[in-house]
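# Chains, contacts and geometry: an overview
Each chain, letter by letter, is given below.
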Amino acid sequence: MAGCGCSLRGMRLWGVWVVVFGWIGWSGCETPQTALCPSRSCAEGKLCQAGLCVSGCAQGWVVCGKDCVDLQTSVGHCGACGQGCVGGQRCEGGRCVLSCAGGTVACGDRCVDLESDRSHCGVCGKVCVAGWVCEKGRCVLSCQESFTACIGQCVDTQTSFFHCGGCVNPCKVGQMCLQGRCQWRCPHGQEACAEACVDLERDVAHCGGCGKTCGTGQVCEEGKCRPTCPDGQGFCGAKCVDKQTDRAHCGKCDHPCGSGQICAEGECRVSCQEGFTNCFGLCANLVNDRFHCGACHRACVSGYVCSYGKCEISCPATQASCGGSCVDLASNREHCGECGRACALREVCSDRRCGSSCREGRTDCAGDCVDLQSDRGHCGVCRRLCSEGYICSLGRCVLSCQSGLTNCQEQCVDLLRDRDHCGACGVRCKAGEVCSAGHCTLSCQSGLTDCGGWCVDLQRDVSHCGGCSVICGASVPYCYGGKCRACLEGYESCGGRCVSLAFDPQNCGSCGSICGGGAYCAHGVCTCGIGAFCDGQCVDTQTDATHCGGCGQVCAADQVCVGGRCIVPP
């Protein structure tokens, strides 16, 4: 073998091939990797396997034509001879499967990134719930800026009653969370006086300040003690006035209504003349007002005027109305010279007449007027045809992604749901947002509602109580159960005081229900330590002859109660 360059090791490996596949006829000093096939045909009776001419196929391989192939892995013979895989597929286990690019895997008929895909997070089919995103193959809660994840919820620790200043740090009953601190605070418009919240503007015991009491027959108005006025009137200056109708004191003292306004129900309102309508503080003529045509705030679009309460088209002097649209009769092919006169095929409209010359922006290519900026058959110049999969854009053939996808930096993406390209290439959604229908939208977790870009709890939020922008007022400053209430949750207003109907012995179960006779209130029911609560008293039903064994069970005159039973004494 001198001069051939074959190593002893190579010859030994070659001997193994001979034992496995049979004797191979070859000449010269070629290694098995450069033997007779596939660069040259094998001799008659020989087959080509893995670049070698062999007498018979190895175990697990089959003959397809003149080749030995592995039907489990061959892309040209996948599962059966002649059954080839298409571009972008590989043969695995005798089946053609999708071959995904680096960093992605096949889930169904899509290549996805298990590190970031919310529908296939970590493994195929694992979907992240609303309010969660996929990061590094794990579904994680994504809270918007200024919110904190606490026990699977996004909360504002600056205002949350149960997570004030930090997770699981609830405030006490009667406190509110303000700027991350639990603070005792009265509702808006009230002050704390002697451990009670009072309205210094109206409270006769604290008129204008804590402890400032009004005299007999006086009332407190605007923080001052004044004589009592007739029902429906209040004291302003030196006289009693009806603040519901008085234009000089509308709603409150010294609050005059403006010119053209009247005072109704304590509010200054516009008083429109006949033929005009009050549209949220503006008198408008609904017959001819473009911004209030036929109804308040029903505006006519550009090019239309309001005529007898209806929006009608108003064309410029150089255009005419044809079928509800303004068109230029001098250049419009469908209405050339007059409405409805259409030019023939390959004709254009110029100076109100149909002709053969192409209009501006079009080029004559062998008798066809084409747009070289967008025509696939004439892209940039006549007869330059774009290849399959490409379209003509601005005179250049560019990649055309499949339906529903867009080319973003040579990558086909779905602009309707891709968080990195939401609605347009390069538009990335913020933390806590998902891409839905091409818009980055807040993804609120279960139990929260999107109100103007904030996830809020409609059951407890005082600014969105029961619905977005429903604000709880001074008289009902607390929100729970989706309703504004005068007292904190678990408390009810009885006689102007917030009490616990579950434990208050003076208001047990309902306002004014008093537990007497040594009873106490437990969960809204008057309860005795020993015995039962009968007729407003705690009694021992084991010995009481009027309640023997239970309330109202009276023993006979000759009987006594022993052990809860009426018996005749011996």
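The structure we're discussing is the one just above.
Report on the accompanying structure. (Residues numbered from 1 in each chain as written. Predicted model: local features only at pLDDT ≥ 70, side-chain atom pairs only at ≥ 80, totals over all residues. Heavy atoms only, no water.)

### Focus: the overall build of the protein chain
Defined as follows: Elements are defined by DSSP. Helices are runs of H or I of four residues or more, strands are runs of E of two residues or more, and each kind is numbered from the N terminus. Whether a residue is buried, partly exposed or exposed follows from its accessible area with a 1.4 Å probe, protein chains only, as a fraction of its type maximum: under 20%, in between, or over 50%, in that order. For this analysis, residues touch if any pair of their heavy atoms sits within 4.5 Å. Computed by Shrake-Rupley with a 1.4 Å probe, the accessible areas treat only the displayed protein chains as cover when residues are assessed.
The secondary structure content of the protein chain amounts to one helix and 50 strands. Put simply, the protein chain has 570 residues, and 28% of those count as buried. Long-range contacts, defined as pairs at least 24 residues apart, comprise 6% of the intrachain contacts of the protein chain with a sequence gap of at least 6. Carbon and sulfur atoms provide 51% of the accessible area of the protein chain, an area that totals close to 35000 Å².

### Some remarks on the environment of Ala-299
Looking at the element boundaries, Ala-299 is found in the loop between β24 (283–284) and β25 (304–307). Residue classification places Ala-299 among the partly exposed residues on the basis of a relative accessible area of 44%. Between the alpha carbons of Ala-299 and Cys-311 there is a distance of 8.2 Å; along the sequence they are 12 residues apart. Apart from the residues within four sequence positions on either side, Ala-299 is in contact with Arg-290, Phe-291 and Cys-311.

### Some thoughts on the state of the cysteines
Definition in use: Cysteine sulfur pairs qualify as disulfides if the two atoms are within 2.5 Å.
Using the criterion set out here, one finds 30 disulfides in the structure. Two residues share a disulfide in this structure: Cys-515 and Cys-526, whose sulfurs sit 1.9 Å from each other. Measuring the twist about the S-S bond at about -90°, one finds the Cys-515-Cys-526 disulfide to be left-handed. Of the two residues, Cys-515 sits in the loop between β44 (497–499) and β45 (520–522) while Cys-526 sits in strand β46 (residues 525–527), which places them 11 residues apart along the sequence. The burial state of Cys-515 is the same as that of Cys-526; both residues are buried.

### Here we look at unusual backbone geometry
Here Ser-469, not a glycine, exhibits a phi torsion of approximately 65°, which is positive. Along the chain, Ser-469 turns up in the loop between β40 (454–456) and β41 (478–480). For His-523, which is not a glycine, the phi torsion comes out positive at approximately 55°. Along the chain, the position of His-523 falls in the loop between β45 and β46.

### Regarding the pattern of salt bridges
Pairing is possible between side chains that carry opposite charge, provided their charged atoms lie close to one another. Threshold: Salt bridges are counted wherever a side-chain nitrogen of Lys or Arg sits within 4 Å of a carboxyl oxygen of Asp or Glu.
Applying the stated criterion across every chain, the model contains five salt bridges. The closest approach of N and O atoms between Glu-222 and Lys-243, which form a salt bridge, is 3.9 Å. In this pair, Glu-222 is assigned in the loop between β17 (218–221) and β18 (224–227) and Lys-243 in the loop between β20 (239–241) and β21 (261–264), connecting sequence segments 21 residues apart. Judged by relative accessible area, which is 34%, Glu-222 ranks as partly exposed. The partner of Arg-428 in a salt bridge is Asp-420, and the shortest N-O contact between them spans 1.9 Å. Given the relative accessible area of 37%, Asp-420 is considered partly exposed.

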